[in-house]
Structure formats: structure tokens, C-alpha cells
Amino acid sequence: MCAASTENKNKADSKSALARKRRKVKRSKKNETDDKCIEEGHEQEPDEICSTDSKMPHITGIKKHARYDPGVAMTRVQLTAWRKEARRVRNRESAAASRSRTRNKIDELESKLATMEDKYNAALKRITELESRSI
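Residues numbered from 1 in each chain as written. Predicted model: local features only at pLDDT ≥ 70, side-chain atom pairs only at ≥ 80, totals over all residues. Heavy atoms only, no water.

Novice: How should I be thinking about the overall build of the protein in this particular structure?
Specialist: The helix and strand inventory of the protein stands at two helices and zero strands. Within the protein, the fraction of its 135 residues that count as buried is 8%. A separation of at least 24 residues holds for 47% of the contacts in the protein among residues at least 6 apart in sequence. In the structure as shown, the protein presents an accessible area of about 12,000 Å², 55% of it carried by carbon and sulfur atoms. (Helix = DSSP H or I, 4+ residues; strand = E, 2+ residues; numbered from the N terminus. Buried < 20%, exposed > 50% of the residue type's maximum accessible area, 1.4 Å probe, protein only. Contact = heavy atoms within 4.5 Å. Areas by Shrake-Rupley, 256 points an atom, 1.4 Å probe, with all protein chains shown as cover.)

Novice: Please explain a nonpolar patch on the surface as it appears in this structure.
Specialist: Residues Tyr120, Leu124 and Ile127 make up a contiguous nonpolar surface patch of about 300 Å² in total accessible area. Mapping Leu124 onto the fold places it in helix α2 (residues 76–134). (Patch = residues over 30% accessible without salt bridge, like charges linked within 9 Å, V, L, I, M, F, W, Y side chains within 5 Å. Salt bridge = Lys/Arg side-chain N within 4 Å of Asp/Glu carboxyl O.)

Novice: What is the right way to look at α2 in this model?
Specialist: Note on helix geometry: an α-helix contains 3.6 residues per turn, so any two residues three or four positions apart are oriented the same way. If you check α2, its first and last C-alpha atoms are 86 Å apart, about what 59 residues at 1.5 Å a residue would give, namely 87 Å. Inspection of α2 places Trp82, Ala86, Val89 and Arg90 among the buried residues, and these make up the whole buried set. (Expected span 1.5 Å × (residues − 1).)

Novice: When you look at the pattern of salt bridges in this model, what are you seeing that I'm missing?
Specialist: Side-chain pairs of opposite charge can arise whenever the charged atoms involved come near each other. In this structure the tally under the stated criterion is two salt bridges. Ionic pairing is found between Arg88 and Glu85, a salt bridge with its closest N-O pair at 3.2 Å. With Arg88 and Glu85 both in helix α2, this residue pair falls three residues apart, about one helical turn. Assessed through its relative accessible area of 43%, Arg88 is described here as partly exposed. One salt bridge connects Lys112 with Glu108, and the closest N-O pair in it is separated by 3.8 Å. Linking Lys112 with Glu108, this pair stays in helix α2, spanning four residues, or about one helical turn.

Below, the structure is given as C-alpha cells:
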């Protein structure tokens with residue numbers, strides 16, 4: 001029983017190793033063809049078009065539904081880099097908004113605390129006045 005399970009495990013390991021190897025070869029071939037096209041000056045496929053503009057649009061100037069589309073033609077590598085930067089910007093803005101909300105909530109709670117302390121002190125003062133009158 002143990003020998004059979006070890007044999008099945010070895011088969012699974014070899015299959016996954018072969019799959020990894022195929023993917024690696026596929027990626028390296030794709031990168032080689034991309035490099036050749038660039039060196040030889042061939043036109044790239046429509047999803048691989050490179051823009052002549054060196055400026056990329058800023059993420060805050062784009063509506064939410066179009067945040068993953070830069071609006072200009074880019075290669076996949078440039079698009080990936082743009083999306084990564086866009087994600088960083090959105091995350092930074094979100095973190096700043098979260099800190100701002102936290103500060104506002106703290107300010108609100110501090111003002112409520114001050115109001116409650118004033119009411120408490122006024123009530124204590126009233127109680128001491130009433131106790132002093134009754135004695």
C-alpha cells in the first residue's frame with residue numbers, strides 16, 4: 001500500500017515539474033519573440049502596441065470604472081507597471097482617507113468626552129449644593 005502511494009506521488013511530482021518546465025519555456029520563447037520584434041522594427045500585435053507618449057495618465061484623473069485602462073496604447077510590461085503604480089496610488093489615497101476618518105472620529109469622541117465631563121462636574125456641584133442645604 002505504501003509503495004503504491006509513493007509511486008502515485010512521484011508521478012504527480014513529475015507531471016507538475018513538466019508543466020512548470022513547459023510554462024517556463026513558453027514564457028522564454030514569448031520574451032525572445034518580443035525582443036526580436038523590437039530589435040528588427042516589426043509591428044507589434046494590437047495588444048502589444050507601444051505609445052509614442054512617454055507621459056502616462058495620472059490615476060486620480062480617471063473615473064473608477066476606467067482605472068484599469070490607461071487610455072493610451074502600451075505594451076503589456078508598461079501596462080503592468082502602470083497598473084501597479086495605479087494600485088499604489090489608490091492604496092496611498094485610501095490609507096490617507098482612513099487616517100483622516102480616524103482623526104475625525106477621535107476629535108468627535110474627545111469633544112463628546114469633554115461635554116460629558118462638564119455635565120458630570122455640573123451634576124456633582126449640584127449634588128454638593130443640595131447636600132449642604134439639607135444639613
